[in-house]
Amino acid sequence: MRLPWDDWEVGVDSEVSEVAEKFIMTNCYDPKIAMQYFNDA
């Protein structure tokens, strides 16, 4: 039995990254720390 996500290739989609960044920045306590994770990518 194969699951649908077995063949899914993980990639960074720019639209997903933009939404994730906005969400994290809106909900984080310290934006400087949160942005470290986005700047490394």
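For the structure itself, consult the block above.
Residues numbered from 1 in each chain as written. Predicted model: local features only at pLDDT ≥ 70, side-chain atom pairs only at ≥ 80, totals over all residues. Heavy atoms only, no water.

A. Quick look at the overall build of the protein chain. Across its full length, the protein chain carries two helices and zero strands. In the protein chain, which comprises 41 residues, the proportion classed as buried is 5%. (Helix = DSSP H or I, 4+ residues; strand = E, 2+ residues; numbered from the N terminus. Buried < 20%, exposed > 50% of the residue type's maximum accessible area, 1.4 Å probe, protein only.)

B. Structural detail: a negative patch on the surface. Taken together, the side chains of Asp13, Glu15, Glu18 and Glu21 make up a negatively charged region of the molecular surface. With respect to the element layout, Glu18 can be found in helix H1 (residues 14-27). (Patch = residues over 30% accessible without salt bridge, like charges linked within 9 Å, V, L, I, M, F, W, Y side chains within 5 Å. Areas by Shrake-Rupley, 256 points an atom, 1.4 Å probe, with all protein chains shown as cover. Salt bridge = Lys/Arg side-chain N within 4 Å of Asp/Glu carboxyl O. Lys, Arg positive; Asp, Glu negative; His and termini not counted. Charge placed at Lys NZ, Arg CZ, Asp CG, Glu CD.)

C. Focus on a nonpolar patch on the surface. On the surface, a nonpolar cluster with roughly 440 Å² of combined accessible area is contributed by Met1, Leu3 and Trp5. With respect to the element layout, Met1 can be found in the segment before H1. For Met1, a relative accessible area of 94% puts it in the exposed group.

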